[in-house]
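Understanding the architecture of this molecule
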Amino acid sequence: MPRVEVLKTYKIAIGGQLPRTESGRYYPLTGKNGTPLANVSLSSRKDLRNAVVAARSACGGWSGRAAFNRGQILYRIAEMMEGRKAQFIDELMLQGSSRAAAEKEVTMSIDRLVYYSGWCDKYQQSFGTVNPVASSHFNFSVPEPTGVVAIVAPEESGLLGLVSVVAPCIAGGNTCVVLASEQRPLSSITFAEVLATSDVPGGVVNILTGTTKELLSHFASHMDVNALVYCRHDAAEKMSIVQLGAGNVKRTMVWEKDWTKDEQENPYLLLELQEIKTTWHPIENIGASGAKY
Amino acid sequence: MKNSNALPDFRTSPVVDHVGIEERVARFTTRSIKKASKVQALKLALNMIDLTTLEGKDTPGKVAQMCYKALHLCDQLPGLPTVAAVCVYPTHVRQAKAALSGSPIKVASVATAFPSGNTTREIKLSDTRFAVSEGADEVDMVISRGEFLQGNYAFVHDEIAAVKEACGSARLKVILETGELSTLDNVRRASDIAIHAGADFIKTSTGKIQPAATMPVTLVMLQAIKDHYYKTGKMVGMKPAGGISTAKLAVQYLVMLHETLGDAWMTNQWFRFGASSLANDLLMQVAKEARGPYQGKDYFSND
């Protein structure tokens, strides 16, 4: 008797756990010839709500962690991905990539994590400044994480696109809730399984699968989300996030980029998700001693 | 010939079916409460809160701020009730009473060497009298868990009765500290003792011991209240305290209350939540229903 293969149900990632969607709904994903690939969770707004709560409670611990340790953890994610390279390549090929393209996408994703792990304890001094002021103050500006970031991940690049946005976000001490690619979601959930086994504290990266039609307005209007990064191309959706995001003066930004380009490895993406805090620290009259800051 | 004034034998309190209680509780959590009924439940829960600060570091400033919060839960949301009471240490009662004068909000005070209760009866009674003389409308006492666990039920009973007498017209809430009683059978027995000794309310916990209030423990206590009501026709109140911090959980408690004791108990005269962070979560859910988007903590006062 021929064996019937077990079709995997891809779950979602909330608060360090991999639960099923609260709604109990799924959508089938099919491969090139219409063969069924997997059942993918169709997340509801309540999953989103729970994910934001998880991201918020993880925020203090993650941003307060030593920068160097955040770098170590990002590097650990890269290590764990390296170990599951074959699975990632298989999944990308199932979703329509050629072997060469899939291999390239996986290695670039790993490299990108290594790249941002290096920046974890370096962007502060690169972007922080000591400012000249005319009064008796030591005046300096330092970047601080924006907080909870909602990410609508790129649609066409299921793994590399996702990693390229999540890495600079968490490298900068933010926590995030990600809506994965709708038609290429498999690697995002496998990525969540990697995160769960690589020292990343629960709640730092929460990954949902589902549709923007159902979830985008809740991402954009949620009062406890501090920034929204939108990586797709729909003009009406871009307009709506700006309008809905105004409710809590959320930072909304559209990142439409070719994620396969090396130029997407840059610290300025990390800086986009930072707030600059300037401190005026009173000091003695420095003019008299001739010192200058 | 049986002496009708003698204490009942508390060893014969009903034995609790642990599995049955868990199953029953699991069902309460599956009720679907939406839209208008949800808003009503949220507002009722707000109205049942004993807003509490019971810390060694309490200051007059903290108490003043909490009393202000009790009066102004969220002025941007019209039609909100106030909380039921504020709950403080005896030394802060006078201040809280003054801050809340003219409002329907009661002042509750813990007494009897809260939270351990490890002191002499004399001190417990004078602690109670002090709280009442400062103006407390309600007194939250702790039972002597050590004596209870040794089987000295008469001691525990008499102590509660003595504190009840010292309370005068103030209502007495008896804290069983269920986290230290180990079994549901003990919880049931302690509930029976407290009710028989004259408690106006029975309360789960001090909030200082984990686990604090849980739904199974609360259900066992509600059943003790129900049995007492059937036997004597007298109502006793219930106050779960500690660990109830989300609106969803609070609504599940209300479901349990309604399905165990019924409509008559669905008021802050007979049911309270001892909580501090629950209020904000309830407010966020009320605001969500009123405004649409999910709310964030940043837009609600801390305490």
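Here's what I pulled together on the structure shown here. (Residues numbered from 1 in each chain as written. Chains lettered and ligands numbered in written order. Predicted model: local features only at pLDDT ≥ 70, side-chain atom pairs only at ≥ 80, totals over all residues. Heavy atoms only, no water.)

1. Describing the overall build of chain B
Along its length, chain B carries eleven helices and eight strands. Against the compact-globule benchmark of 19 Å for 303 residues, chain B has a radius of gyration of 19 Å, which places it among compact chains. Overall, chain B is about 65 × 45 × 30 Å in size when its C-alpha atoms are taken along their principal axes. For chain B, the residues scored as buried account for 51% of the 303 residues in total. Taking the intrachain contacts of chain B between residues at least 6 apart in sequence as the baseline, contacts between residues at least 24 apart amount to 76%. Positive and negative side-chain charges in chain B, numbering 35 and 30 respectively, have mean positions lying 5 Å apart. (Helix = DSSP H or I, 4+ residues; strand = E, 2+ residues; numbered from the N terminus. Rg over C-alpha atoms; globule rule 2.2 N^0.38 Å. Buried < 20%, exposed > 50% of the residue type's maximum accessible area, 1.4 Å probe, protein only. Contact = heavy atoms within 4.5 Å. Lys, Arg positive; Asp, Glu negative; His and termini not counted. Charge placed at Lys NZ, Arg CZ, Asp CG, Glu CD.)

2. A look at the interface of chain B and chain A
Taken together, the contact between chain B and chain A spans eight residues of the former and ten residues of the latter. Roughly 920 Å² of surface becomes buried between chain B and chain A when both sides are summed, with 49% attributable to carbon and sulfur atoms. When the area that chain B buries against chain A is broken down by residue, the three leading residues are Pro293(B), Tyr294(B) and Tyr299(B), summing to 60%. Our enumeration of links across chain B and chain A arrives at zero salt bridges. At the surface where chain B touches chain A, the tally comes to two residue pairs in polar contact (both at pLDDT 80 or more). Here the residues of the side of chain B that touches chain A are counted per class, giving three nonpolar, two polar and three charged. (Buried area = accessible area lost by both parts, 1.4 Å probe. Salt bridge = Lys/Arg side-chain N within 4 Å of Asp/Glu carboxyl O. Polar contact = N/O pair within 3.5 Å; in protein donor to acceptor, adjacent residues only side chain to side chain. Nonpolar A, V, L, I, M, F, W, Y, C, P; charged D, E, K, R; others polar.)

3. As for helix H4 (residues 99–119) of chain A
Here H4(A) contains 21 residues, and its C-alpha end-to-end distance of 31 Å stays within 8% of the 30 Å for a straight helix at 1.5 Å per residue. Those residues of H4(A) hidden inside the fold are in contact with helix H2 (67–83), helix H3 (85–94), helix H5 (123–127), helix H6 (160–171), helix H7 (186–196) and helix H10 (267–272) of chain A. (Expected span 1.5 Å × (residues − 1).)

4. Structural notes on the layout of surface pockets
Residue and element names in this part refer to chain B. Its volume calculated, the second largest pocket comes out at about 350 Å³. Lining the second largest pocket we find 15 residues, and of these Pro 8, Phe 10, Asp 192, His 196 and Lys 231 sit closest to its centre. Those elements that place two or more of their residues in the lining of the second largest pocket are helix H8 (184–196) and helix H9 (215–232). For the lining of the second largest pocket, the element with the most residues is H9, which contributes five residues. (1 Å grid on protein atoms, 1.4 Å probe; cavity = no way out; pocket = protein on both sides within 12 Å on 5 of 7 lines; lining within 4 Å. Points joined across faces, edges and corners; volume = space filled by probe spheres on them.)

5. Some thoughts on the packing of helix H2 (residues 35–47) of chain B against helix H11 (residues 278–291) of chain B
All names here are of chain B. Relative to each other, H2 and H11 sit at 150°, their axes nearing to 10 Å. Here H2 lies roughly antiparallel to H11, going by the angle between them. As for how H2 packs across H11, the hand of that crossing is left-handed. Contacts between H2 and H11 involve Lys 35, Lys 38, Val 39, Leu 42, Lys 43, Ala 45 and Leu 46 on the former and, on the latter, Ala 279, Leu 282, Leu 283, Gln 285, Val 286 and Glu 289. Class assignment for the residues of the contact of H2 with H11 results in eight nonpolar, one polar and four charged. (Axes fitted to C-alpha atoms, helices over the stretch in contact; angles between N-to-C directions. Parallel < 35°, antiparallel > 145°, perpendicular 65-115°, else oblique. Left-handed = near helix turned anticlockwise from the far one by under 90°.)

6. Things to note about the side chain of Thr206(B)
All names here are of chain B. Positionally, Thr 206 belongs in the loop between strand S6 (201–203) and H9. There is a polar contact of 2.4 Å between the side chain of Thr 206 and the side chain of Glu 177. Looking at Thr 206, its side chain comes within polar contact range of the main-chain nitrogen of Lys 208, at 3.0 Å. Those residues in contact with Thr 206, other than ones at most four positions away along the chain, are Phe 114, Pro 115, Val 142, Ile 175 and Glu 177.

7. Observations concerning the packing of aromatic side chains
Residue and element names in this part refer to chain B. The tally for this structure, following the rule as stated, stands at nine aromatic pairs over all chains. Consider the rings of Tyr 229 and Tyr 230, whose centres lie 6.3 Å apart with planes at 45°: the pair is tilted. Judged by relative accessible area, Tyr 229 falls into the partly exposed class, the value being 33%. Residue placement shows Arg 121 over the ring face of Phe 155; its charged tip is 5.0 Å from the ring centre. (Phe/Tyr/Trp six-rings, centres within 6.5 Å; stacked < 30°, edge-to-face > 60°. Lys NZ or Arg CZ within 6 Å of the ring centre and 35° of its normal.)

8. Observations concerning the sheet that holds strand S3 (residues 36–41) of chain A
Residues and elements named next belong to chain A. Spatially, the three strands line up as an open sheet ordered S1-S3-S2, and their pairing is mixed. Looking at the sheet topology across the chains shown, the edges are occupied by strand S1 (9–10) and strand S2 (26–30). In the sheet, S2 pairs with S3 via five bridges, with the strands oriented antiparallel. Across the sheet, residue Pro 28 finds its bridge partner in S3, namely Asn 39. (Pairing = 2+ DSSP bridges.)

9. Structural notes on H11(B)
Helix length check: H11(B) (14 residues) gives 20 Å between terminal C-alpha atoms against 20 Å at 1.5 Å per residue, within 8%. Of all 14 residues that make up H11(B), eleven are buried, and the element is covered over most of its length. Buried residues belonging to H11(B) abut helix H1 (45–64) of chain A together with H2, strand S1 (49–52), helix H3 (60–71), helix H10 (247–260) and strand S8 (273–275) of chain B. Two residues or fewer after H11(B) comes Gly292(B), characterised by a positive phi angle close to 110°.

10. Overview of a positive patch on the surface
Taken together, the side chains of Arg45(A), Lys34(B), Lys35(B) and Lys248(B) define a basic patch exposed on the protein surface. The residue Arg45(A) is located in helix H1 in this model. Here Arg45(A) falls in the partly exposed class, since its relative accessible area comes to 33%. (Patch = residues over 30% accessible without salt bridge, like charges linked within 9 Å, V, L, I, M, F, W, Y side chains within 5 Å. Areas by Shrake-Rupley, 256 points an atom, 1.4 Å probe, with all protein chains shown as cover.)

11. Regarding the pairing of strand S9 (residues 227–230) of chain A
Residues and elements named next belong to chain A. The alternating pattern of S9 places Ala 227 and Val 229 and Leu 228 and Tyr 230 on opposite faces, both of which are buried. As paired strands, strand S6 (residues 148–152) and S9 are joined by four bridges and run parallel to one another. Residue Ala 150 lies in a different strand from S9, and its bridge partner there is Leu 228. Relative to strand S10 (residues 251–254), S9 is paired through four bridges, and the arrangement is parallel. When the sheet's bridge partners are listed, Leu 228 is paired in S10 with Thr 252.

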